[in-house]
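The primary structure of each chain is shown beneath.
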Amino acid sequence: MAVAVPATARSSYPDVIPLPDGFFPEGIAVGDGHTAYVGSLADGSIWSGDLRSGEGTVLVAGAPGKLAVGMDYDKSSGNLFVAGGPSGSAYIYDGATGATVAEVQLGAGFVNDVIVTKSAAYFTNSFVPEFYVLPLDGTGAISGPPTTVPLGGDFVF
């Protein structure tokens with residue numbers, strides 16, 4: 001009696017995805033399909049590439065003193081929401097073209113991470129016990145000014 005032995009499953013993803021030299025990666029987000037985005041602490045640039053092939057390019061050019069820390073991709077708008085670190089800003093980019101959709105000043109501190117929901121983008125502040133809420137409409141567009149929510153209660157900073 002012959003026994004069928006399954007072939008070893010080969011991963012369709014590369015083990016290593018090379019980024020530009022001196023990139024200093026920080027935040028990462030996954031967009032549509034196999035698209036990934038990686039932000040740079042060196043200059044705020046954002047690399048975009050295909051997770052299956054490992055090939056990509058810089059989607060958003062960097063600038064001196066700019067950071068791209070945490071990020072999240074919004075499927076409803078196709079936009080990439082990026083925490084700007086010590087600038088206190090949120091950057092919103094078109095996930096396909098890299099064009100700037102908006103830059104919003106959230107507050108003082110270190111804007112470190114972001115999560116996008118159907119109704120808002122929530123940004124953390126690593127230096128002050130608060131977070132920021134940027135309201136969004138049903139299409140993922142900004143629908144009002146940001147608000148600040150202080151953290152308290154059992155939360156210890």
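Residues numbered from 1 in each chain as written. Predicted model: local features only at pLDDT ≥ 70, side-chain atom pairs only at ≥ 80, totals over all residues. Heavy atoms only, no water.

### Observations regarding the environment of Ala-63
Consideration 1: Secondary-structure assignment places Ala-63 in the loop between strand S4 (56-60) and strand S5 (71-74).
Consideration 2: Given a relative accessible area of 29%, Ala-63 falls into the partly exposed group.
Consideration 3: For the pair Ala-63 and Gly-44, spaced 19 residues apart in the sequence, the C-alpha separation amounts to 6.5 Å. (Helix = DSSP H or I, 4+ residues; strand = E, 2+ residues; numbered from the N terminus. Buried < 20%, exposed > 50% of the residue type's maximum accessible area, 1.4 Å probe, protein only.)

### Some points on the side chain of Ser-48
Consideration 1: Mapped onto the elements of the fold, Ser-48 is located in strand S3 (residues 46-50).
Consideration 2: By relative accessible area, which is 14% here, Ser-48 ends up buried.
Consideration 3: Beyond its immediate chain neighbours, meaning those up to four positions away, Ser-48 contacts Thr-35, Ala-36, Tyr-37, Gly-56, Thr-57 and Leu-59. (Contact = heavy atoms within 4.5 Å.)

### Some points on the environment of Phe-123
Consideration 1: Structurally, Phe-123 is set in strand S10 (residues 120-125).
Consideration 2: Phe-123 sits in the buried class, given a relative accessible area of 0%.
Consideration 3: The spacing of Phe-123 and Leu-106 is 17 residues in sequence and 8.6 Å in space, taken between C-alpha atoms.
Consideration 4: Leaving out residues up to four positions away in the same chain, Phe-123 has contacts with Phe-81, Val-82, Ala-83, Ala-90, Leu-106, Val-111, Asp-113, Val-114, Phe-131, Tyr-132 and Leu-134.

### Quick look at the side chain of Ser-89
Consideration 1: You can see Ser-89 is positioned in strand S7 (residues 89-94).
Consideration 2: Of the residues examined, Ser-89 reaches a relative accessible area of 2% and is grouped as buried.
Consideration 3: Within the local environment of Ser-89, its side chain forms a polar contact with the side chain of Gln-105, the two groups lying 3.0 Å apart.
Consideration 4: Beyond its immediate stretch of four places on either side in the chain, Ser-89 contacts Val-82, Ala-83, Gly-84, Glu-103, Val-104, Gln-105, Leu-106 and Val-111. (Polar contact = N/O pair within 3.5 Å; in protein donor to acceptor, adjacent residues only side chain to side chain.)

### Some details on the sheet that holds strand S6 (residues 79-83)
Consideration 1: Sheet architecture is open: 4 strands sit in the order S5-S6-S7-S8, paired in antiparallel fashion. Lying at the two open borders of the sheet, with one neighbouring strand each, are S5 and strand S8 (100-105). Adjacent strand axes in the sheet meet at a mean angle of 15° when their direction is disregarded.
Consideration 2: Inspection of the sheet shows S5 paired to S6 by 4 bridges, in the antiparallel sense. From the neighbouring strand, Asp-74 faces S6, where its bridge partner is Asn-79. (Pairing = 2+ DSSP bridges. Axes fitted to C-alpha atoms, helices over the stretch in contact; angles between N-to-C directions.)

### Thoughts on the nonpolar core
Consideration 1: Membership of the largest hydrophobic core comes to 18 residues, with the highest contact counts inside it found for Phe-81, Leu-106, Ala-121 and Phe-123.
Consideration 2: Among the secondary structure elements, those contributing two or more residues to this core are S6, S7, S8, strand S9 (111-116), S10 and strand S11 (130-135).
Consideration 3: With 3 residues, S9 is the largest single contributor of residues to this core.
Consideration 4: When near neighbours in sequence (up to four residues on either side) are disregarded, Ala-121 contacts Phe-81, Val-114, Ile-115, Val-116, Tyr-132, Val-133, Leu-134 and Leu-136.
Consideration 5: In terms of nonpolar packing, the next biggest core, distinct from the first, is built from 12 residues, Ala-29, Ile-46, Leu-59 and Leu-80 among them. (Core = buried A, V, L, I, M, F, W, Y, C linked by side-chain atoms within 4.5 Å.)

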